[in-house]
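The chain contents come next:
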Amino acid sequence: MIPLNPEIDRKLRMGLIGGGGAAFIGKVHAISATLDNRARLCAGALSSDPQRAKDSASIFGIHEDRAYENVQQLIESELQLDEKDRIDFVSIATPNHTHAEIAQTALKAGFHVICDKPMTNKVEDARELVKTVEQTGKIFALTHNYTGYPMIRQAREIIEAGEIGDILAIRATYLQGWLTTLDESVTASRGTWKSDPVKAGSGSLGDIGTHAYNLLRFVTGLNVNQLAATTESFHPTRRLDDYGLIQLRMDNGALGIITYSQMSHGRLNDFTLEIDGTAGALTWNQEDPNRLVMQRQGAATEIMHRHPAGAYMHELARLATRIPGGHPEGFYEAFANIYRAAYDDIAKNIANGFNPGINTLYPNVYDGLEGVRLIERVQASSEENNAWLDF
Ligand SMILES: NC(=O)c1ccc[n+]([C@@H]2O[C@H](COP(=O)([O-])OP(=O)(O)OC[C@H]3O[C@@H](n4cnc5c(N)ncnc54)[C@H](O)[C@@H]3O)[C@@H](O)[C@H]2O)c1
């Protein structure tokens, strides 16, 4: 049984921002944040529409007294509550252009923050957020949820242990197809902001390209020295990129390539990471996340299953599983693993002011800055016809 937050001996109290109406990821936050019974969703500002924000509260089990019309009201009202009732943290599941201001307001008011990606739309805003996290000493986690999969953590440990030797090449391919049939003239029930350059900041690059970049850094432990990129808008009426190729030169000399697309017919959430090392190669796919494939020239292919009792499982991977092997775990559990790691630090921070620094198991504010810098550098390289740029 996973312990309740031992340092504080109580559940953490959560406020959710976004997620109301037909919204997608806010509901995933609500479920994942409470999966381990270490937090309770107490309050929310669930929509940009004040009435919908209040009306949506009951399906999240939020009492009407703490169903707020907007973020400002949530922060001000929660601050007036007794400390033993007040929320400890907010989860931000709103469109990209709103993240910076909401996160700043919450941190400065004394709340920890779990924020969805990309962290901000502008590099300056991302740098300001880094400063605020450092000044307030609050915990900040970014939900690049793919790093939470047990077999991704297994891949990271395999690489760290030197089992595939030095890394030579990385291929991250993230393919979706939902834009192929998107008619931008029709008002969608959710996500119309994703087609607005001001609100979204970038297209598929920020939406899925940043996940690919974060995942390859998490698994390999490498950083990017240089990149060259080309982005395209293949959709006939779209103003934002929907396809891109990003070539990377890593800091150990390895070559990397990210291909991202939301214009590939039939692809749902087809996200593959492949790594070639001097002694072996690894392959993982998000649609079959409980398996990791290892190959060595001339040897039989090894397929590792997520199996907590498996002798081959590394500790980090084992700790990221909840149920026995053969019982599939997926998106929610991986998402919950980001929360689980952030909760460890939030509880310690509440108990004794713990400051995690720059290396955390969950993606943090520095990783968020990296993602926003990636967007800016990719756009710059593409505008310069695929020029190689220092990163
Ligand atoms: N981690 C992931 O896998 C993942 C997946 C999808 C989306 N996302 C990210 O999550 C964020 C939300 O995406 P989505 O697909 O859920 O969008 P969505 O359009 O489905 O939902 C956004 C919600 O936020 C609300 N909202 C907007 N402005 C608000 C404000 N100022 N205050 C309170 N509520 C507000 C909207 O009313 C809506 O309920 C985006 O940043 C997106 O990039 C992450």
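Residues numbered from 1 in each chain as written. Predicted model: local features only at pLDDT ≥ 70, side-chain atom pairs only at ≥ 80, totals over all residues. Heavy atoms only, no water.

Quick word on the sheet that holds strand E2 (residues 39–45)
Inference 1: The strand order across the open sheet built from 5 strands is E2-E1-E3-E4-E5, with neighbouring strands paired in parallel fashion. With partners counted over all chains shown, the strands left at the sheet margins are E2 and strand E5 (140–142), one partner each. For this sheet, the mean inter-axis angle between neighbouring strands, taken without regard to orientation, is 20 degrees.
Inference 2: Of the pairings in the sheet, the one linking strand E1 (residues 12–17) to E2 comprises 6 bridges and is parallel in character. By the bridge assignment for E2, Arg13 is matched with Arg40.
Inference 3: Sitting on the sheet, helix H1 (residues 25–34) touches E1, E2 and strand E3 (89–92), and the angle it makes with E1 is about 175 degrees.
Inference 4: Its contacts with the sheet put helix H10 (residues 331–352) on E1, E2, E3, strand E4 (112–115) and E5, and the angle it makes with E4 is roughly 170 degrees. (Pairing = 2+ DSSP bridges. Helix = DSSP H or I, 4+ residues; strand = E, 2+ residues; numbered from the N terminus. Axes fitted to C-alpha atoms, helices over the stretch in contact; angles between N-to-C directions. Contact = heavy atoms within 4.5 Å.)

A short note on the site of the ligand
Inference 1: Not every one of the 29 residues close to the ligand is listed here, only the nearest: Asn96, Lys117, Asn145, Arg190 and Trp193.
Inference 2: In this structure, Phe24 approaches the ligand through a main-chain N or O atom, which is 3.1 Å from an oxygen atom.
Inference 3: Contact distances for the ligand include 3.2 Å between an oxygen atom and a backbone N or O atom of Thr94.
Inference 4: Isolated, the ligand exposes 850 Å² of accessible area, and the fraction of that covered by the protein chains is 90%. (Near = heavy atom within 4 Å. Polar contact = N/O pair within 3.5 Å; in protein donor to acceptor, adjacent residues only side chain to side chain. Areas by Shrake-Rupley, 256 points an atom, 1.4 Å probe, with all protein chains shown as cover.)

Notes on H1
Inference 1: Most of H1 is tucked away, with 7 of its 10 residues classed as buried.
Inference 2: Of the surrounding secondary structure, the elements contacted by the buried residues of H1 are E1, E2, E3 and H10. (Buried < 20%, exposed > 50% of the residue type's maximum accessible area, 1.4 Å probe, protein only.)

A short note on the pattern of salt bridges
A side chain of one charge can pair with a side chain of the opposite charge when the charged atoms of the two come close.
Inference 1: In total, this model carries 19 salt bridges according to the counting rule given.
Inference 2: In this structure, Asp207 engages Lys117 in a salt bridge whose closest nitrogen and oxygen atoms are separated by 3.6 Å. One end of the pair, Asp207, is in helix H8 (residues 204–220); the other, Lys117, is in the loop between E4 and helix H5 (123–136), with 90 residues separating them in the sequence.
Inference 3: Taking relative accessible area as the criterion, Lys117 reaches 9% and is therefore assigned buried.
Inference 4: Here Arg217 ties to Asp367 by a salt bridge, and the two come within 3.3 Å at their closest N and O atoms. Of this pair, Arg217 sits in helix H8 while Asp367 sits in helix H11 (residues 365–383), and the two are 150 residues apart along the sequence.
Inference 5: For Asp367, a relative accessible area of 16% puts it in the buried group.
Inference 6: Taken together, the salt bridges that share partners define one network made up of Asp36, Arg322 and Arg340. (Salt bridge = Lys/Arg side-chain N within 4 Å of Asp/Glu carboxyl O.)

Describing the domain arrangement of the protein chain
Inference 1: Annotation of the protein chain at the domain level lists domain 1 (12–146 + 337–364) and domain 2 (148–327 + 372–383).
Inference 2: In this assembly, 26 residues from domain 1 lie in contact with 32 residues from domain 2.
Inference 3: Summed over both partners, the interface of domain 1 with domain 2 comes to about 2300 Å²; 56% of that surface belongs to carbon and sulfur atoms.
Inference 4: Looking at the side of domain 1 facing domain 2, the largest losses of area belong to Tyr146, Asn337 and Leu361, adding up to 35% of the total buried there.
Inference 5: At the boundary of domain 1 and domain 2, one finds 2 salt bridges. (Domains from an automatic or database assignment. Buried area = accessible area lost by both parts, 1.4 Å probe.)

Remarks on the nonpolar core
Inference 1: Core analysis: the largest hydrophobic core is formed by 45 residues, its most contacted members being Val219, Ile246, Ile258 and Leu273.
Inference 2: Top contributing element to this core by residue count: H8, with 8 residues.
Inference 3: Ignoring any residue separated from it by four or fewer positions in sequence, one finds Ile258 in contact with Ala172, Gly209, Ala212, Tyr213, Leu216, Gly244, Leu245, Ile246 and Leu248. (Core = buried A, V, L, I, M, F, W, Y, C linked by side-chain atoms within 4.5 Å.)

Digging into the packing of aromatic side chains
When we look at a pair of aromatic rings, we describe it by the centre distance and by the angle of the planes.
Inference 1: Throughout the structure, instances matching the rule amount to 13 aromatic pairs.
Inference 2: Relative to Tyr174, the ring of Tyr146 lies with its centre 6.0 Å away and its plane at 90 degrees, an arrangement referred to as edge-to-face. You can see Tyr146 sitting in the loop between E5 and helix H6 (150–160) and its partner Tyr174 sitting in strand E6 (residues 167–175), a full 28 residues away along the chain. Neither residue differs from the other here; Tyr146 and Tyr174 are each classed as buried.
Inference 3: Consider the rings of Tyr149 and Trp284, whose centres lie 5.2 Å apart with planes at 55 degrees: the pair is tilted. Remark: Trp284 occurs in strand E11 (residues 281–285) and Tyr149 occurs in the loop between E5 and H6; sequence separation between them is 135 residues.
Inference 4: Taken together, the ring pairs connect Tyr146, Tyr149, Tyr174, Phe271, Trp284, Phe331 and Phe335 into an aromatic cluster.
Inference 5: Note that Arg156 overlies the ring of Phe218, its terminal NZ or CZ placed 4.2 Å from the centroid. (Phe/Tyr/Trp six-rings, centres within 6.5 Å; stacked < 30°, edge-to-face > 60°. Lys NZ or Arg CZ within 6 Å of the ring centre and 35° of its normal.)

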